[in-house]
Amino acid sequence: MNSETIRKRFIEYFEKKGHYIVKSAPMVVKNDPTLMFTNAGMNQFKDIFLGNTSPKYKRVVNTQKCLRVSGKHNDLEEVGHDAYHHTMFEMLGNWSFGDYFKKEAISWAWELLTKEYNIDGERLYVTVFEGDESNGLEPDNEAYDIWKTIVPGSRILYGSKKDNFWEMGDTGPCGPCSEIHIDIRDDDARKKLDGSELVNKEHPEVIEIWNLVFIEFNRKADDSLLPLPAKHVDTGMGFERLCMVLQDKRSNYDTDLFKPIIDRLSEITSLSYGKDDQTCIAMRVVADHLRAVAFAIADGELPSNTGAGYVIRRILRRAVRYGYTFLGMSEPFVYELLPLLVNKMGRFFPELAGQEDLIGKVIKQEEQIFLRTLAVGIQKFEEYVKNKLKNNIVDGKFAFELFDTYGFPIDLTTLMAREKGLQVDMKGFDKNMKKQKERSRAVGVKQAVDWVDVRPNVEQTKFTGYDSLETEAGIVKYREVKVKGKSLYHIVLDRTPFYAESGGQVGDRGVLASDGGDIKIVDTQKENELIIHIAEKLPTPVPAKVIAKVDKTKRLLTANNHSATHLMHSALRQVLGEHAQQKGSLVDEKRLRFDFAHFEKVTPEQIIKIEKIVNEKIRQNIEVEDHRDISLEGARNMGATALFGEKYDELARVIAFDRDYSAELCGGTHVARTGQIGFFKIISEAAIAAGIRRIEAVTGHEAEKFVNSRFELIEQLSGILKHPKNLKQAVEKLVENNESLEKKVDQLQKARASQIKQELIKKLEKTNNVNFIGATVDMDAKTAKDIAFELKQKVDDLFLVLAYKHNNKPGIAVMLSDNLVKSGNLHAGEIVKELAKEINGGGGGQPFFATAGGKNLQGLEKVVSKARGIAAG
RNA sequence: GGGGAAUUAGCUCAGCAGGCUAGAGCGUUUGGCUGGCAGCCAAAAGGUCAUCGGUUCGAAUCCGAUAUUCUCCA
């Protein structure tokens, strides 16, 4: 059975049992401070479990793209070394939100495995929760009794809290779970030792394939458990592992999901898979990481040097590093594997197939950048070995510097050291690494505190901000959050006009007014579906009722920019082509920033065209069409632009300005009529990544200001030039004149210098085989230096002392011919120090040329006479 | 969000225990030689040493801020 069929069967089975099919949420998580990437199937339903929102369907089935590379689940360093760890994987799941519970979940799981997938039931073992006294939890006898009707007791095992009690995190929904394990050993091995002995014992052939979680508690910050009002089922079955079992393989990497990629790798590298250990590991690493990176980019997360983008960069770099070290690849090659992945998964995940070009380009460029980083690191290493190596040990501090500053992987340093018969001081490296981590962790620690409930049982904040900017509201709950020792307060209301940051639009500011005083809201953020008002101060007592007022000016200006963004998005596609899709955006009250896919610079002509179209639409004063709670299907029929990597509910909102021109799925706030935007002006266009460009633009008042400032600049320039008829010509002429004048000044200065030189030569005094020139002159240090160097070329046996005055400060320059320095035991630096005493100063320099500065102008004459004395010996 | 590093000619970089009035290779231009596949020889042009400020007699070099880029950690 191939992987596509396996996935399809799962989904269709539960669809038949009344489950609604939900699309995989994007792998990259937005609006959740605790999570960067989706790391479990339940992530997108978290709000339902937490009671922040009510489910639209009680039964749901899905396959979820997951990435485990950071935080609690970090599998990155494991990947490649065994047959089953992955960074990115799919989690198949069926869900019940307050609907069916243990009985159905268990019997359907059994039926699907043994009937649909034809797995031999004899090979399956199940586990149930044994209870835990410290939490006062009973054994899960209910699950045991249900299983007892299906499998003999000898194949039902009790498991500990570690294996059979599932928790979302330190706090939050949790409950006992029941796992299904499979024994895929051969018959001989099974006869010798019963599979039940090997369950949960890390045996590679007796493995868990499905976890059925029965969520019934909420874990509080004080570690106590509260029963939930509704009980839920959350199941997760690793898709890659299931494919391995059903395709009768011993490694996930032998399934049709990975084999084509590994075969191609074999071709490219001319190395065979399955022989050398290092080669196999490297190929698995590459095959796995390709998937993670490609899907992340498809979800809109580009490699970068901060946050989630940095994690993506690291994954790709790990692949390149293994390829470089163990597969001999010193040119980009990962991107070449992409078409195979698209061929395997592109049909089910259109975001992948639809952006193949872009993903390939981004990967290729990223590979090139990293190979360059490696080359620099190798050079630094060679230099170090040549110049600074002591006792054949590579200093840990240096190894860390290579890693920390130049991004050179430590295992490559070790490898290169070994090739030269050197050792790396790993203790020193670890010590520095530890310091770095402590530094980072010391700041930005967020303390999670439980919410203080003011009025429980309010399900979800009602957002009223599309229609009004002021509402009476009640405070539902609040909490204090400490960031960097500073306290911030999070407030949740039962209804609010405040727009929380999302879809690129910044959060609202404003006040919550009450009898007890106003609460100033500095920002509004979303945590999943929860709208959080952020304040720096909270009055005591915390008022129960407030009037929530949004900062109107900021909101309106932001709306201008947001609507203009939509108008521009359509204009971009019209001018550049349909590929110019949104890749990111930021809208606030000052400007709009828009990133989109495009492979070359947008020409000035195209910019003008885009501006023209947008301004045309503004002047048409189009009324907004605001379709709320429209079905996804309906939105699509309207021709609404949906974006990859955005998470949308089943019910969407469509914002249209002239339906044929612009219709987008959008949750933001917009103008009532486009005329309100006033004027649109692009102020910059630049590349930000491979195939991604960024436009910044302003609207209304800001745009006016921008144009005016340019206009003013021209006026000022024209004014400076006394308002010529043709400004451009006048400037050109000015530049020309300036050039020729500069040349003339140059000539004159040279003439003057040569005149001074002549005069100085006239003052030459022959004493003691030395040609002494001493003079007090009026010039700056630079000129004195110039003259000194020129005289050195002209006069043999020169002993020159220039005592100069500039800006009412005295200075001395001493120049000696080379032969005097060599034979005469003279040193300009020493001489100038001695002379400087006369002007209350100090100085120094090289043996043949030195300078000094001081304070006493009166001493200048003395300097010359004293110098004459020295020259005379 | 925090730490480290880099920024010098069109390109790639050297110079950085303060002081050779800023160098190399490639590229460009000019002249000469030469029957090619990076031809050879000679010469020239090309630099606010990222920006701003400070220390100093003197800063590409030391210090601080800013910008951009790289990089590690969270």
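Check the entry above for the structure.
Parameters at a glance
Residues numbered from 1 in each chain as written. Chains lettered and ligands numbered in written order. Predicted model: local features only at pLDDT ≥ 70, side-chain atom pairs only at ≥ 80, totals over all residues. Heavy atoms only, no water. Pairing = 2+ DSSP bridges. Helix = DSSP H or I, 4+ residues; strand = E, 2+ residues; numbered from the N terminus. Axes fitted to C-alpha atoms, helices over the stretch in contact; angles between N-to-C directions. Contact = heavy atoms within 4.5 Å. Buried < 20%, exposed > 50% of the residue type's maximum accessible area, 1.4 Å probe, protein only. Core = buried A, V, L, I, M, F, W, Y, C linked by side-chain atoms within 4.5 Å. Domains from an automatic or database assignment. Near = heavy atom within 4 Å. Polar contact = N/O pair within 3.5 Å; in protein donor to acceptor, adjacent residues only side chain to side chain. Nonpolar A, V, L, I, M, F, W, Y, C, P; charged D, E, K, R; others polar. 1 Å grid on protein atoms, 1.4 Å probe; cavity = no way out; pocket = protein on both sides within 12 Å on 5 of 7 lines; lining within 4 Å. Points joined across faces, edges and corners; volume = space filled by probe spheres on them. Phe/Tyr/Trp six-rings, centres within 6.5 Å; stacked < 30°, edge-to-face > 60°. Lys NZ or Arg CZ within 6 Å of the ring centre and 35° of its normal. Salt bridge = Lys/Arg side-chain N within 4 Å of Asp/Glu carboxyl O. Lys, Arg positive; Asp, Glu negative; His and termini not counted. Patch = residues over 30% accessible without salt bridge, like charges linked within 9 Å, V, L, I, M, F, W, Y side chains within 5 Å. Areas by Shrake-Rupley, 256 points an atom, 1.4 Å probe, with all protein chains shown as cover. Charge placed at Lys NZ, Arg CZ, Asp CG, Glu CD. Parallel < 35°, antiparallel > 145°, perpendicular 65-115°, else oblique. Left-handed = near helix turned anticlockwise from the far one by under 90°.

J.: Honestly, the sheet that holds strand 24 (residues 592-597) in this entry has me stumped. Any pointers?
T.: Adjacent strands of a sheet form backbone hydrogen bonds with each other and so pair up, either parallel or antiparallel. Sheet architecture is open: four strands sit in the order 23-24-29-28, paired in antiparallel fashion. Both edges of this open sheet fall to strand 23 (582-587) and strand 28 (680-689), since each of them pairs with a single strand only. Strand-to-strand, the axes of this sheet are offset by a mean angle of 15°, without reference to chain direction. Looking at chain direction, strand 24 and strand 29 (residues 692-699) are connected through six bridges and run antiparallel. By the bridge assignment for strand 29, R593 is matched with E696. Across the face of the sheet, helix 17 (residues 552-576) comes into contact with strand 23, strand 24, strand 28 and strand 29 while running at roughly 25° to strand 24.

J.: Is there a simple way to explain the pairing of strand 5 (residues 88-97) in this structure?
T.: Counting buried positions along strand 5 yields ten of ten residues, so the element is predominantly enclosed. The alternating pattern of strand 5 places M88, E90, L92, N94 and S96 on one face and F89, M91, G93, W95 and F97 on the opposite face, and all of these are buried. With nine bridges connecting them, strand 2 (residues 59-67) and strand 5 associate as antiparallel partners. Paired with L67 across the strands is M88, a residue of strand 5. Pairing analysis gives five bridges linking strand 5 to strand 11 (residues 225-238), with the strands arranged antiparallel. Bridging from a neighbouring strand, W95 pairs with D234 of strand 11.

J.: Quick question: what am I supposed to make of the nonpolar core here?
T.: Residues F10, L67, L113, Y117, W147, W210 and L352 are the most contacted members of the largest nonpolar core, which totals 115 residues. At 14 residues, helix 9 (residues 277-298) tops the list of elements feeding residues into this core. A domain-level breakdown of this core finds at least three residues from each of domain 1 (3-249) and domain 2 (258-387). The contact partners of F10, leaving out residues within four places of it in the chain, are V61, N62, L92, G93, N94, L112, Y117, W210 and M237. One finds L576, F596, I618 and A697 within the second-largest nonpolar core, a separate group that totals 29 residues.

J.: Sorry, what's going on with the protein's contact with RNA strand B here?
T.: Taken together, 31 residues sit near RNA strand B, with R313, R317, D404, F789 and Q846 positioned nearest. Atoms of RNA strand B within 4 Å of the protein: sugar and phosphate make up 59%, bases the balance. In the model, a sugar or linking oxygen of RNA strand B is placed 3.3 Å from a nitrogen or oxygen of the G842 main chain. Listing elements by their share of the surface near RNA strand B, those giving two or more residues are helix 10 (307-326), helix 13 (356-387), helix 14 (396-406), helix 16 (426-442), helix 22 (781-794), strand 34 (842-845) and strand 35 (849-853). Tallied by class, residues from the surface near RNA strand B come to seven nonpolar, 15 polar and nine charged.

J.: How should I be thinking about empty space enclosed by the protein in this particular structure?
T.: Over the atoms rolls a probe the size of a water molecule, and its path tells where empty space is left. Under the criterion given, the structure shown has one cavity of 30 Å³ or more. Every residue lining the largest cavity is listed: L557, N560, N561, E589, K590, T699, H701 and E702. Secondary-structure elements contributing two or more residues to the lining of the largest cavity are helix 17 and helix 20 (700-720). Broken down by element, the lining of the largest cavity gets its largest block of residues, three residues, from helix 17. A per-class count over the lining of the largest cavity returns one nonpolar, four polar and three charged.

J.: How do you make sense of the packing of aromatic side chains when you look at a structure like this?
T.: In this description, an aromatic ring pair is defined by two values, namely the gap between the centres and the angle between the planes. For the structure on display, the rule yields 30 aromatic pairs. Taking the centre distance of 5.7 Å and the plane angle of 50° together, the rings of F10 and W210 count as tilted. You can see F10 sitting in helix 1 (residues 3-16) and its partner W210 sitting in strand 10 (residues 206-219), a full 200 residues away along the chain. We classify F10 as buried; its relative accessible area is 0%. By way of ring pairs, the aromatic residues F10, Y13, F14 and W210 are connected into one cluster. In this structure, K617 packs its charged tip against the face of Y661, placed 4.5 Å from the ring centre.

J.: Any chance you could explain the environment of N825 here in plain terms?
T.: Note that N825 resides in the loop between helix 23 (818-823) and helix 24 (828-836). Since its relative accessible area comes to 75%, N825 is described here as exposed.

J.: Looking at this structure, how should I read the pattern of salt bridges?
T.: Pairing between side chains of opposite charge can happen when their charged atoms approach one another. If you walk through the whole model with that rule in mind, you get 49 salt bridges. The salt bridge partner of E790 is K757, with a shortest N-O separation of 2.6 Å. Here K757 lies in helix 21 (residues 727-762) and E790 lies in helix 22, a separation of 33 residues in the sequence. For E790, a relative accessible area of 33% corresponds to the partly exposed category.

J.: Could you clarify how one ought to interpret the side chain of E367 in this entry?
T.: One can find E367 in helix 13. Within the buried core, E367 has no salt-bridge partner, and the shortest N-O distance to an opposite charge, that of K364, equals 8.4 Å. Here F333 takes part through its backbone nitrogen, which lies 2.9 Å from a polar atom of the side chain of E367. Looking at E367, its side chain comes within polar contact range of the main-chain nitrogen of Y335, at 3.0 Å. Aside from chain neighbours lying at most four places away, what touches E367 is L316, V320, P332, F333, V334 and Y335.

J.: What exactly am I supposed to notice about the pairing of strand 29 here?
T.: Residues in a regular strand project their side chains so that they alternate between the two faces of the sheet. In terms of burial, strand 29 is largely enclosed, as six of its eight residues are buried. The sheet contact formed by strand 28 and strand 29 spans eight bridges and is antiparallel. When the bridges of strand 29 are listed, I682 appears paired with A697.

J.: Help me understand a positive patch on the surface in this model?
T.: A cluster of basic side chains, namely K397, K431, K435 and R439, defines a positive patch on the protein surface. Here R439 shows up in helix 16.

J.: How do you make sense of the sheet that holds strand 33 (residues 809-816) when you look at a structure like this?
T.: Taken in spatial order, the six strands of this open sheet run 30-31-32-33-35-34, and their pairing is mixed. The sheet is open, and its two borders are formed by strand 30 (765-767) and strand 34, each paired with just one other strand. Taking each pair of neighbouring strands and ignoring which way they run, the sheet shows an average axis angle of 20°. Across five bridges, strand 33 lies against strand 35 in antiparallel orientation. By the bridge assignment for strand 35, I812 is matched with A852.

J.: Would you explain the packing of helix 1 against helix 7 (residues 239-246) in this entry?
T.: Axis angle and axis distance: for two packed helices, these are the angle between their axes and the distance between the axes, and together they describe the pair. The interhelical angle for the contact between helix 1 and helix 7, taken along N-to-C directions, is 115°, at an axis separation of 10 Å. The orientation of helix 1 relative to helix 7 falls into the category roughly perpendicular. In this structure, helix 1 meets helix 7 at a crossing whose hand is right-handed. Along the contact surface, helix 1 presents S3, I6 and R7, while helix 7 presents F239, L242, C243 and L246. Its residues assigned to classes, the contact of helix 1 with helix 7 shows five nonpolar, one polar and one charged.

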